[in-house]
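Geometric and topological summary
One letter stands for each residue in the lines below.
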Amino acid sequence: MLVRIVKMHFEEDKINEFLSFFDKNKELIRNFEGCRFLELYQDLDQANVFFTYSYWDQESDLENYRNSSLFKGVWATTKKWFNAKPAAWSVHKIVSLP
């Protein structure tokens with residue numbers, strides 16, 4: 001399983017727009033083939049910093065999503081609200097305790 005972590009910094013006055021936009025697209029992203037999990041986190045100390053965590057069956061599933069019209073549309077809209085360059089990591093889950 002592949003875990004994708006994305007850190008995004010938003011303009012303060014764009015946070016609500018981002019949250020509304022994410023809410024409208026979260027089910028589409030989560031139900032994309034190969035996606036098994038999706039969460040959005042907000043930093044406790046910096047309200048304009050958000051993280052997405054998504055689990056993918058295979059790296060090819062993530063790549064198919066990243067090349068899809070869904071991703072291209074979501075990313076084109078979302079990146080307009082950034083105030084810093086986003087960072088992303090793809091990692092393998094080693095241990096998970098319930």
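Since this is a predicted model, take the numbers as computed values, not measurements. (Residues numbered from 1 in each chain as written. Predicted model: local features only at pLDDT ≥ 70, side-chain atom pairs only at ≥ 80, totals over all residues. Heavy atoms only, no water.)

**Some points on the UniProt feature "domain: ABM" (unreviewed entry) in the protein chain**
Where we set the bar: UniProt positions are given in the numbering used here, feature names are shortened, and annotations may be inferred rather than shown by experiment. For the purposes of this entry, the term helix denotes a DSSP run of H or I that reaches at least four residues, the term strand denotes a run of E that reaches at least two, and both are numbered from the N terminus.
Residues annotated by UniProt as "domain: ABM" (unreviewed entry) correspond here to residues 2–91. End C-alpha atoms of residues 2–91 are separated by 6 Å, and the span's content is 38% helix alongside 32% strand.

**Some points on the environment of Leu-62**
Short version of the rule: Residue contacts follow a heavy-atom distance rule, with two residues in contact if any of their heavy atoms lie within 4.5 Å.
One can find Leu-62 in helix 2 (residues 59–66). Leu-62 has contacts with Leu-2, Arg-4, Trp-56 and Ser-90, leaving out every residue within four places of it along the chain.

**Focus on the nonpolar core**
The condition that has to hold: Nonpolar cores are built from buried Ala, Val, Leu, Ile, Met, Phe, Trp, Tyr and Cys residues. Side-chain atoms within 4.5 Å join them into one set. Burial classification: accessible surface area is computed with a 1.4 Å probe over protein chains only, and a residue below 20% of its type maximum counts as buried, one above 50% as exposed, and the rest as partly exposed.
Grouped together as the largest cluster of nonpolar side chains are 20 residues, with contacts concentrated most on Met-8, Phe-10, Phe-18, Phe-50, Trp-56, Tyr-65 and Leu-70. Counting residues per element, the ones that place at least two in this core are strand 1 (2–9), helix 1 (15–30), strand 3 (49–56), helix 2 and helix 3 (69–78). Of the residues forming this core, the biggest block, five residues, is contributed by helix 1. Aside from chain neighbours lying at most four places away, what touches Trp-56 is Met-1, Leu-2, Arg-4, Phe-32, Glu-33, Gly-34, Cys-35, Asp-61, Leu-62 and Tyr-65.

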